[in-house]
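A closer look at the structure
Below are the chains, spelled out letter by letter.
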Number of protein chains: 2
Amino acid sequence: MRQLVLQVLTEQKTAISLPELEQKFEKADKATLYRTLKTFEEHQLIHSIEDGSGSLRYALCEDFCTCEPEHLHVHFSCNKCGKTYCMKDLPVPQPDLPNGFEFSSANFVVKGICSNCKK
Amino acid sequence: MRQLVLQVLTEQKTAISLPELEQKFEKADKATLYRTLKTFEEHQLIHSIEDGSGSLRYALCEDFCTCEPEHLHVHFSCNKCGKTYCMKDLPVPQPDLPNGFEFSSANFVVKGICSNCKK
DNA sequence: AAAACTTTTGCAACCGAGTTGCAAACTTAC
DNA sequence: GTAAGTTTGCAACTCGGTTGCAAAAGTTTT
């Protein structure tokens, strides 16, 4: 099962949500897929994005990604097709927080129209 | 009802979620509060933040806020107390998107420990 | 002030994403 | 082959959000 999920993930060009993953299989149980994603995430194989669609989306991490703040990248969520892209070349800036606030992670999602829908 | 909700909102130092708002009242119905927030949001009195807590949070907009991209600010979500702060002084940077991608909005949430929990 | 109409509210039901307990199926080790 | 550990599937449940509908409250018209 995990191997199959991994395969689907590698084939994806955009981040996938649990419900979408369910549909890809029709056979596997939601709970299994859910736990698979959690396991992958724990082992830093994938990262999760809160794109505001109501469901978390997941995408493969880069090789050697340690999921540290410096490695975070911007995500783009298309208002039209709903796809969520990993902008791996766009690092998340670390803003100057006020005194006493400690940065540990960040979620930066840009919304708009993707190049595919724009055409 | 709306007046009461507005009052609660002005008293808040951090963004509030629908379930939290419900608790503040004990009397009013979820649906009423829900619709109130939606109405406020439509009229750009408040803005919503997806802080990844599983529930949307709302906070009052600044006077004359038009909710345009340039007016967006960073939000900070504390991992300890769960509060979500509006960093009104920190504008959301507009990253250089690849060709064909059109920016329309953004959600930038920094996570970590807030100054209050740090003490 | 009553009638007609509009708006707001409360209830109940529902949906969808995520999550968990538990027992069955499967692996691996001995 | 049996015991121990792991993975899977089912079912049930939680929780935030959302909607239809009818009652209540508020407005306007006459």
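Reference entry: report on the structure contained in this document. (Residues numbered from 1 in each chain as written. Chains lettered and ligands numbered in written order. Predicted model: local features only at pLDDT ≥ 70, side-chain atom pairs only at ≥ 80, totals over all residues. Heavy atoms only, no water.)

1. Description of the pattern of salt bridges
Residue and element names in this part refer to chain A. The final tally for this structure, using the stated rule, is 10 salt bridges over all chains. Between arginine 57 and glutamate 20 there is a salt bridge, and its shortest N-O distance comes to 2.4 Å. In this pair, arginine 57 sits in strand 3 (residues 57-60) while glutamate 20 sits in helix 2 (residues 18-25), placing the two residues 37 residues apart along the sequence. Residues joined in a network through salt bridges with shared partners are Glu20, Asp51 and Arg57. (Salt bridge = Lys/Arg side-chain N within 4 Å of Asp/Glu carboxyl O. Helix = DSSP H or I, 4+ residues; strand = E, 2+ residues; numbered from the N terminus.)

2. Some remarks on the pairing of strand 4 (residues 73-78) of chain A
Residues and elements named next belong to chain A. The buried fraction of strand 4 amounts to six of the six residues, a majority that puts the element mostly inside the structure. Here strand 4 pairs with strand 5 (residues 84-91) via five bridges, running antiparallel. Its bridge partner being in strand 5, histidine 75 is matched across the sheet by cysteine 86. Between strand 4 and strand 5, which follow one another and run antiparallel, lie five residues, and glycine 82 among them has a positive phi close to 80°. Bridge analysis of strand 4 against strand 6 (residues 102-113) gives four bridges, and the strand direction is parallel. Considered in strand 6, the bridge of cysteine 78 is made with glycine 112. (Buried < 20%, exposed > 50% of the residue type's maximum accessible area, 1.4 Å probe, protein only. Pairing = 2+ DSSP bridges.)

3. Side note on the protein's contact with DNA strand D
Around DNA strand D lies a shell of 16 residues, among which Met1 and Arg35 of chain A together with Lys30, Tyr34 and Leu56 of chain B are the nearest. Within 4 Å of the protein, the contacting atoms of DNA strand D are 61% sugar and phosphate, with bases supplying the remainder. Here threonine 32 of chain A contributes a side-chain N or O atom positioned 3.1 Å from a phosphate oxygen of DNA strand D. Between DNA strand D and arginine 35 of chain A, the relevant distance is 2.7 Å, taken from a base oxygen to a side-chain nitrogen or oxygen of the residue. (Near = heavy atom within 4 Å. Polar contact = N/O pair within 3.5 Å; in protein donor to acceptor, adjacent residues only side chain to side chain.)

4. Details of the nonpolar core
One finds Phe76, Leu97 and Phe108 of chain A together with Phe76, Leu97 and Phe108 of chain B to be the most contacted residues of the largest nonpolar core, which totals 30 residues. For this core, the secondary-structure elements that each account for two or more residues are strand 4, strand 5 and strand 6 of chain A together with strand 4 (73-78), strand 5 (84-91) and strand 6 (102-113) of chain B. With near-sequence residues (within four places) excluded, phenylalanine 76 of chain A lies in contact with Lys83, Thr84, Tyr85, Met87, Val110, Lys111, Gly112, Ile113 and Cys114 of chain A together with Leu97, Phe101 and Glu102 of chain B. Formed by 13 residues, the second largest nonpolar core is a distinct cluster that contains Val8, Leu18, Leu21 and Ala28 of chain A. (Core = buried A, V, L, I, M, F, W, Y, C linked by side-chain atoms within 4.5 Å. Contact = heavy atoms within 4.5 Å.)

5. Focus: the protein's contact with DNA strand C
Taken together, 16 residues lie around DNA strand C, and Lys30, Tyr34 and Leu56 of chain A together with Met1 and Arg35 of chain B are the ones closest in. When atoms of DNA strand C within 4 Å of the protein are split into backbone and base, the sugar-phosphate part holds 64%. A distance of 2.9 Å separates a base oxygen of DNA strand C from a polar side-chain atom of lysine 30 of chain A. Within the contact set of DNA strand C, a phosphate oxygen lies 3.2 Å away from a side-chain nitrogen or oxygen of arginine 2 of chain B.

6. Remarks on the side chain of arginine 57 of chain A
All names here are of chain A. On the basis of relative accessibility, which here comes to 6%, the residue arginine 57 falls in the buried class. At 3.4 Å, the side chain of arginine 57 forms a polar contact with the backbone oxygen of alanine 15. Within polar-contact distance, the side chain of arginine 57 engages the side chain of aspartate 51 at 2.9 Å. Those residues in contact with arginine 57 that lie beyond four places of it in its chain are Ala15, Ile16, Ser17, Glu20, His47, Ser48, Ile49, Asp51, Gly82 and Thr84.

7. Remarks on the packing of helix 1 (residues 2-11) of chain A against helix 3 (residues 30-42) of chain A
All names here are of chain A. The contact between helix 1 and helix 3 brings their axes to 10 Å, and the two run at 70°. Looking at the two axes, helix 1 sits roughly perpendicular to helix 3. Across from Arg2, Val5, Leu6 and Leu9 in helix 1, the residues of helix 3 making contact are Leu33, Thr36, Thr39 and Phe40. (Axes fitted to C-alpha atoms, helices over the stretch in contact; angles between N-to-C directions. Parallel < 35°, antiparallel > 145°, perpendicular 65-115°, else oblique.)

8. Looking at helix 2 (residues 18-25) of chain B
Residues and elements named next belong to chain B. Those residues of helix 2 that fall on the buried side of the exposure criterion are Leu18, Leu21 and Phe25. On an axial view of helix 2, the arc spanned by its buried residues comes to 60°, and they lie on one face. Where the residues of helix 2 are buried, they touch helix 1 (2-11), strand 1 (16-17) and helix 3 (30-42). Just beyond helix 2, the residue with positive phi is glutamate 26, at close to 70°. (Arc of directions from axis to C-beta.)

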